[in-house]
Amino acid sequence: MCQHQPPCPSAESADRDAARPRACHPEQGWSLLCNGVLLFEDTGELLPNGQIIAPHRPTGVAA
């Protein structure tokens with residue numbers, strides 16, 4: 001799917017959030033990444049295969 005050089009990380013890789021956005025809708029709280037991942041503003045994700053990744057926003061405050 002990705003035609004960038006170097007290619008964006010795949011939807012299966014741990015760094016999938018680093019892919020470039022293809023469509024951004026901040027008013028709706030989501031972005032579609034180049035690798036097919038739907039990334040939500042709460043850091044939740046929907047992968048192309050239908051798998052849901054729960055939000056993983058940091059909850060602690062640095063000292």
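This text follows the structure it describes.
In this text the structure is predicted, and so the values were computed from the model without any measurement.

Thresholds applied
The residue numbering used here restarts from 1 in each chain and proceeds along that chain's sequence as written. The predicted origin of the model limits local features to residues at a pLDDT of at least 70 and limits the giving and counting of side-chain atom pairs to 80 or more, whereas totals for whole chains, interfaces and linings rest on all residues. To obtain the side-chain values, all non-hydrogen atoms of the structure were used and water was disregarded. Think of it this way: any DSSP run of H or I at least four residues long counts as a helix, any run of E at least two long counts as a strand, and we number them from the N terminus. Only protein chains enter the accessibility calculation, which uses a 1.4 Å probe. A residue is then buried if its area is under 20% of the maximum for its type, exposed if over 50%, and partly exposed in between. What makes two residues a contact is simply this: any of their non-hydrogen atoms within 4.5 Å. Note that accessible areas follow from Shrake-Rupley with a 1.4 Å probe, and for residues the cover is restricted to the protein chains shown. When DSSP finds two or more bridges between two strands, those strands count as paired.

Chemist: Even after reading the chapter, I still don't get the overall build of the protein, so can you show me in this structure?
Modeler: The helix and strand inventory of the protein stands at zero helices and five strands. Listing the helices and strands of the protein from first to last along the sequence gives β-β-β-β-β. Each of the three principal axes of the protein carries a C-alpha extent, and together these read 40 × 25 × 20 Å. For the protein, with 63 residues in total, the buried portion stands at 27%. Taking the contacts inside the protein whose residues are at least 6 apart along the sequence as the reference set, 19% of them involve residues at least 24 apart. Working note: accessible area of the protein is about 4,600 Å², and carbon and sulfur atoms make up 57% of it.

Chemist: Would you take a moment to explain the sheet that holds strand β3 (residues 38-40) for this structure?
Modeler: Across a sheet, strands are paired by hydrogen bonds formed along the backbone, either parallel or antiparallel in direction. Taken together, five strands build an open sheet; the order of strands is β1-β2-β3-β4-β5 and the sheet is antiparallel. What marks the edges here is a single partner per strand, and that holds for β1 (21-25) and β5 (52-53).

Chemist: So what exactly am I meant to see when it comes to unusual backbone geometry here?
Modeler: Phi is mostly negative for residues that are not glycine, and the peptide bonds are mostly trans. That bond from Q5 to P6 is cis: its omega, -5°, falls within 30 degrees of zero. Mapped onto the fold, P6 is located in the segment before β1. Phi is positive for T43, which is not a glycine, with a value near 75°. Inspection of the secondary structure puts T43 in the loop between β3 and β4 (45-46). A residue is classified by how much of its surface remains accessible, and T43, at 22% relative accessible area, is partly exposed.

Chemist: Honestly, the pairing of β1 in this entry has me stumped. Any pointers?
Modeler: For a regular strand, the rule is simple: side chains alternate between the two faces of the sheet. Direction of pairing for β1 relative to strand β2 (residues 30-33): antiparallel, over a ladder of four bridges. Counted as the bridge partner of A23 is L32 from β2. Counting the residues that bridge the hairpin from β1 to β2 gives four residues, and of these G29 lies at a positive phi of roughly 85°.

Chemist: Help me out: how do you make sense of the pairing of β2 in this one?
Modeler: Alternating positions in β2 separate cleanly, S31 and L33 being buried on one face and W30 and L32 remaining unburied on the opposite face. Bridging between β2 and β3 involves three bridges; their strand directions are antiparallel. Along β3, the bridge assignment pairs S31 with L39.

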